[in-house]
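Residue-level listing of the chains:
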Amino acid sequence: MIYGIESLMEDHQDILRLTRVIKSLLKDQLEGEKDLPLGDLRRIVDFIRTYADDHHHGKEEKILFQYMLEELGSPAEKIVRQGMLVDHDQARSAIYKLDQALGAYEKDPSLENRLDIIGYSHRYADLLEDHVFREDKVVYPFALRELSQDSLDRVDKESRAFNEAAQKEGLQKKYKDLLKELEETYL
């Protein structure tokens, strides 16, 4: 395994931890055990936008997927453009709609607005669980098998630089700490 792909797979574990938090939070809602935790839902949206999308998807889209598209032709076009990037856009749409639903609920705490929050949260969690599985089991092994050693070395180097820049900003620590706090609350 190479550093660049190991790093992406480690991010996936954090994202899957978050999907478990989301589903547990939603279960509490369906069982009527807790008030809607708007503050935590806003922090979840922040985690998703910053850690899962900007950080993780940023590494994929700016580094790994670019090398795949440049070097591997039609198979990469299908896997990346018609698969993974579509999933990324669907995830962004779910989070945009969740954010809108949170705003609507804050103005009008109706059952309909609450249902939208539950629906978009669940949509995101399910989408990302499926997406992570496809990347870990299909996309990354394909990249490891088909990319040249030179491209894999560049993925490593650029991924390392990407992670080091994020680490200097404290991004990973901030969101891993948030994730731990959310797990303690909801799991």
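Residues numbered from 1 in each chain as written. Predicted model: local features only at pLDDT ≥ 70, side-chain atom pairs only at ≥ 80, totals over all residues. Heavy atoms only, no water.

(A) A look at the overall build of the protein. Along the backbone of the protein there are five helices and zero strands. When the helices and strands of the protein are listed from N to C terminus, the series reads α-α-α-α-α. Relative to its 187 residues, the protein shows a buried fraction of 49%. For the protein, long-range pairs separated by at least 24 residues make up 83% of all intrachain contacts whose partners lie at least 6 apart in sequence. With the model as given, the accessible surface of the protein reaches about 9,500 Å², and the carbon-plus-sulfur share is 50%. Averaging the locations of the 28 positively and 40 negatively charged side chains of the protein gives two centres separated by 1 Å. (Helix = DSSP H or I, 4+ residues; strand = E, 2+ residues; numbered from the N terminus. Buried < 20%, exposed > 50% of the residue type's maximum accessible area, 1.4 Å probe, protein only. Contact = heavy atoms within 4.5 Å. Areas by Shrake-Rupley, 256 points an atom, 1.4 Å probe, with all protein chains shown as cover. Lys, Arg positive; Asp, Glu negative; His and termini not counted. Charge placed at Lys NZ, Arg CZ, Asp CG, Glu CD.)

(B) Region of the structure containing the side chain of Asp11. Note that Asp11 resides in helix 1 (residues 3-30). Once residues within four sequence positions are removed from consideration, Asp11 is found in contact with Tyr51, His55, His56 and Lys59.

(C) Looking closely at the nonpolar core. Counting residues in hydrophobic clusters, the biggest one holds 34 residues, and the most contacted among them are Leu18, Ile22, Ile44, Ile117 and Tyr124. The greatest single-element share of this core, amounting to 14 residues, is contributed by helix 2 (residues 38-107). In this view, Tyr124 contacts Ile15, Ile22, Ile48, Ala52, Ala91, Ala94 and Ile95; residues no more than four positions away in its chain are not counted. Grouped together as the second largest cluster of nonpolar side chains are 20 residues, Ile2, Leu69, Val80 and Val139 included. (Core = buried A, V, L, I, M, F, W, Y, C linked by side-chain atoms within 4.5 Å.)

(D) Molecular detail of helix 1. With 28 residues, helix 1 extends 41 Å between its outermost C-alpha atoms, agreeing within 8% with the 40 Å of an ideal straight helix rising 1.5 Å per residue. Where helix 1 terminates, the next one or two residues include Gly32, which has phi positive at roughly 70 degrees. (Expected span 1.5 Å × (residues − 1).)

(E) Geometry of the packing of aromatic side chains. Using the criterion set out here, one finds three aromatic pairs in the structure. When the centroid spacing of 5.0 Å and the interplanar angle of 35 degrees are considered together, the rings of Phe47 and Tyr51 count as tilted. In this pair, Phe47 and Tyr51 are both assigned in helix 2, four residues apart and thus about one turn of the helix distant. By relative accessible area, which is 1% here, Phe47 ends up buried. Residue class for Tyr51 comes out buried when judged on its relative accessible area of 1%. (Phe/Tyr/Trp six-rings, centres within 6.5 Å; stacked < 30°, edge-to-face > 60°.)

(F) Expanded view of the environment of Ile117. Considering the arrangement of structural elements, one finds Ile117 in helix 3 (residues 111-146). Along the backbone, Ile117 and Leu182 are 65 residues apart, and their C-alpha atoms lie at a distance of 18 Å. Not counting residues within four places of it along the chain, the set of residues in contact with Ile117 comprises Leu36, Leu41, Leu98, Ala101, Leu102 and Tyr105.

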